[in-house]
Amino acid sequence: MVKGDGTSPVDYSERVVTFIDILGWRSIVEQSLKDECLRRRMHNAVHTLGALTEKYCTEETEEKPSEDEFSQFSDSIIISMPRRDNLDIGRMIKLVAEFQSSMLFSGFLIRGGITTGPMFHRGRIAFGPAFNRAYELEAKIAHVPRVVIDPSIAADVKRQAKTVPKHWTFVQQDVDGYFYPEYLMVHARSATATRITTGFIDRCLADFRSEPRVLAKYEWLRDRWKEAQADAPWRIAIQEELKREFWAGNVGGSVPNPPR
């Protein structure tokens, strides 16, 4: 439902903005014509974003309603939050990473862009320079299943990354220098999820082996997936050590160092 009656002020505000596109959505829609199960998966996958957005929303009260917004039309999704401080950038990154992980579990991949700047966003209505930039990151830079973080906020992101516990993931830097929310580690830490994800990637590599443009996206995903699998054991070891130290009453105990 669109907020406002057409006479309310229409002002830009500083916001953290994400534009997302679901890869291969047009083909998926065509397949769904004869596949009710696929239609249900599509609905559930996108519906998940609403639940996740509520989870990451600022606390809403009658006196102070939340200013977090998201809009969805077909395969395009816009999420925005007020930027009061740099923690809001981290909040957006965590939301996007969790959404990507959830979508991957459902067999869907997304790409997009995250930025900050002036924007108007209420209900279905969204426009402004920050929206344009987020769309540009998705359309011209992302290319593969990643949500590219605008270099203009990279320094803020790197500072926040230093505060994340060692056994967590936050962002990754790709070979082209762009940062993106890391979303594969949650799969790599689970034997069941590892089996499912590996099977999904292998099937996609086989299905698109004669389509180089599409195949390149899954080859990128395969390479990042191998990196996540190689990275998972020491993160699991750190978490288990922290648990043992906690139950032993020695919260500040030593933990394994990450591989160099």
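Figured I'd write up the structure that's included with this text. (Residues numbered from 1 in each chain as written. Predicted model: local features only at pLDDT ≥ 70, side-chain atom pairs only at ≥ 80, totals over all residues. Heavy atoms only, no water.)

## Notes on empty space enclosed by the protein
As a reminder, the rule being used: The pocket and cavity definitions rest on a 1 Å grid over protein atoms only: a 1.4 Å probe that fits but cannot leave marks a cavity, an open set with protein on both sides within 12 Å along at least five of seven lines marks a pocket, and residues lining either have an atom within 4 Å of a point. Grid points are joined across faces, edges and corners, and a volume is the space filled by probe spheres set on the points. The way it works is that DSSP assigns letters per residue, a run of H or I at least four long becomes a helix, a run of E at least two long becomes a strand, and they are numbered from the N terminus. Each residue is assigned to one of three groups, with Ala, Val, Leu, Ile, Met, Phe, Trp, Tyr, Cys and Pro labelled nonpolar, Asp, Glu, Lys and Arg labelled charged, and all others, Gly among them, labelled polar.
Per the counting criterion, the structure on display carries one cavity of 30 Å³ or more. One number sums up the size of the largest cavity: a volume of about 30 Å³. Element by element, the count of residues in the lining of the largest cavity is highest for helix α3 (residues 87–105), at three residues. For the lining of the largest cavity, the residue count by class is seven nonpolar, one polar and no charged.

## Concerning the layout of surface pockets
Roughly 820 Å³ of internal volume is contained in the largest pocket. Lining the largest pocket are 29 residues; nearest its centre among them are Leu23, Gly24, Ile28, Phe208 and Tyr218. Looking at the lining of the largest pocket residue by residue, the classes come out as 15 nonpolar, four polar and 10 charged. By volume, the second largest pocket amounts to about 430 Å³. Lys94, Ala97, Thr169, Glu182 and Val186 are the residues nearest the centre of the second largest pocket, which is lined by 17 residues in total. Counting only elements with at least two residues in the lining of the second largest pocket, the list comes to α3 and α6 (185–188). With five residues, the top contributor of residues to the lining of the second largest pocket is α3.

## So, the packing of α3 against helix α5 (residues 154–161)
Rules: Axis lines are fitted through C-alpha atoms, for helices just across the contact stretch, and the angle between N-to-C directions can take any value from 0 to 180 degrees. Angular relationships are summarised with four words: roughly parallel below 35 degrees, roughly antiparallel beyond 145, roughly perpendicular across 65 to 115, and oblique for the angles in between. In what follows, residue pairs with any heavy atoms lying within 4.5 Å of each other are defined as contacts.
At a minimum axis distance of 10 Å, the contact between α3 and α5 shows a crossing angle of 80°. Considering the angle they form, α3 stands roughly perpendicular to α5. For the pair α3 and α5, contact is made by Leu87, Ile89, Gly90 and Ile93 and by Asp156, Val157 and Gln160, respectively.

## Describing a nonpolar patch on the surface
Convention followed: Only residues whose relative accessible area exceeds 30% and that take part in no salt bridge are eligible for patches, with like-charged residues grouped when within 9 Å of each other and nonpolar side chains (Val, Leu, Ile, Met, Phe, Trp, Tyr) grouped when within 5 Å. The Shrake-Rupley method, run with a 1.4 Å probe, gives the accessible areas here. Residue values count only the displayed protein chains as cover. Just to be clear on terms, a salt bridge is a Lys or Arg side-chain nitrogen sitting within 4 Å of an Asp or Glu carboxyl oxygen. Working definition: with a 1.4 Å probe on protein chains only, accessible area under 20% of the residue-type maximum means buried, over 50% means exposed, and in between means partly exposed.
Together, Val10, Tyr12, Ile125 and Phe127 give the surface a local cluster of nonpolar side chains, amounting to about 370 Å² of exposed area. Inspection of the secondary structure assignment puts phenylalanine 127 in strand β5 (residues 125–127). By relative accessible area, which is 35% here, phenylalanine 127 ends up partly exposed.

## A look at the pairing of strand β2 (residues 69–73)
Rules: Only strands joined by at least two bridges in the DSSP assignment are considered to pair.
By the bridge criterion, five bridges tie β2 to strand β3 (residues 76–82) in an arrangement that is antiparallel. In the sheet register, glutamine 72 faces β3, and the bridge partner there is isoleucine 77.

## Here we look at the environment of glutamate 227
On the secondary structure map, glutamate 227 appears in helix α8 (residues 212–247). A relative accessible area of 38% means that glutamate 227 is categorised as partly exposed. Along the primary structure glutamate 227 and alanine 188 are separated by 39 residues, whereas in three dimensions their C-alpha atoms are 9.5 Å apart.

## Concerning the pattern of salt bridges
Following the criterion strictly, the structure yields 15 salt bridges and no others. For the salt bridge of arginine 40 with glutamate 36, the shortest nitrogen-to-oxygen distance reads 2.4 Å. Here glutamate 36 and arginine 40 lie together in helix α2 (residues 36–56), a separation of four residues that amounts to about one turn. For arginine 40, a relative accessible area of 42% gives the class partly exposed. Overlapping salt bridges, with partners in common, bring together Arg146, Asp174, Asp176, Arg224 and Glu227 in one network.

This is a description of form; function is not addressed.
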